[in-house]
Amino acid sequence: GGVMFFAQNTVNNISGTFKNNIMTGSSYGGAVIATYQAYLNNITADFEGNYAVGTQGGVALLQSGGATFTDSTFKDNAATNSGGAIFNEASVSIVAKDKDVIFTNNRVGSITKNAEGVYIVADSAKYNDIQNTSTVNLYAKEGQSITFDGSIDGSGSLNLNRSGQKRSVWTGTGTNSTQVDIEVGGEYNFNNDVVGQKMAIYNDAEINLGSKLQSNG
């Protein structure tokens with residue numbers, strides 16, 4: 001990743017602002033890459049303007065491990081191939097606990113460098129937030145929301161949770177897991193396409209669809 005790379009690690013409580021990080025060539029993840037059984041617990045951060053040029057995951061590429069993003073924002077990130085914000089082959093939890101989680105203006109498409117050395121995303125680039133081929137869990141606390149302005153693509157599972165009781169949010173397995181108890185009862189807003197996901201909706205989760213839904217089941 002442009003800032004962080006993790007392999008066979010368990011890391012707790014990552015926070016801050018990750019802005020204008022660039023990865024090029026065969027590398028992955030504009031800001032973060034977690035691979036080979038890495039578990040990133042409680043990432044609370046703002047991700048803006050991170051690019052994966054010629055590859056995947058404008059913010060993060062996640063493989064064979066787990067990650068939890070809590071109260072984070074994803075804005076103006078891009079990747080050439082897939083996953084404007086997140087490319088996921090692991091288990092990811094996205095949690096809106098104390099503030100809304102918003103994905104906005106993340107794109108997939110051609111990224112080129114101009115004469116001044118500035119990377120430019122093509123106008124034709126698709127608005128895409130997540131490429132998911134594994135599992136994404138969404139937890140929004142009562143009064144909070146998780147909003148996707150771009151599409152969610154792939155062939156994974158998308159789990160939406162709502163309950164009148166506290167729910168435990170876990171990432172990873174065994175000693176590599178973390179737990180956060182929240183009162184789940186918020187909203188999930190999908191303002192673009194959700195394609196190829198096997199969706200599970202628990203306890204009448206409130207969903208607002210602004211575009212088409214093509215589910216695997």
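In what follows, the structure referred to is the one given above.
Cut-offs and rules
For every chain, the first residue of its written sequence is number 1, and the numbers climb from 1 along that sequence. Thresholds applied to this predicted model are a pLDDT of at least 70 for local features of residues and 80 or more for the giving and counting of side-chain atom pairs; totals over whole chains, interfaces and linings are not thresholded and use all residues. The side-chain numbers reported here are obtained from all heavy atoms of the structure, hydrogens and water having been left aside. Each Phe, Tyr or Trp ring, with Trp reduced to its six-membered ring, pairs with another whose centre is within 6.5 Å; inter-plane angles below 30 degrees give stacked pairs, above 60 give edge-to-face pairs, and intermediate values give tilted ones. Going along the chain from the N terminus, every DSSP run of H or I of four or more residues is numbered as a helix, and every run of E of two or more is numbered as a strand. Using a 1.4 Å probe on the protein chains alone, a residue whose accessible area is under 20% of its type maximum counts as buried, one over 50% counts as exposed, and one in between counts as partly exposed.

(A) Broad picture of the packing of aromatic side chains. Per the stated rule, a full pass over the model turns up seven aromatic pairs. Ring centres of Phe-47 and Phe-69 lie 6.0 Å apart, and the angle between their planes is 75°; on these two criteria the pair is classed as edge-to-face. In this pair, Phe-47 sits in strand S5 (residues 39-48) while Phe-69 sits in strand S7 (residues 60-70), placing the two residues 22 residues apart along the sequence. Pair check on accessibility: Phe-47 and Phe-69 agree, each one buried. Where Phe-74 meets Phe-103, the ring centres are 4.2 Å apart and the plane angle is 5°; that geometry is what we call stacked. On the criterion of sequence distance, the pair formed by Phe-74 in strand S8 (residues 73-75) and Phe-103 in strand S11 (residues 101-104) is long-range, its members being 29 residues apart. The exposure class of Phe-74 is buried, given its relative accessible area of 0%. Ring pairing ties together the aromatic residues Phe-18, Phe-47, Phe-69, Phe-74, Phe-103, Phe-148 and Phe-190, which thus form one cluster.

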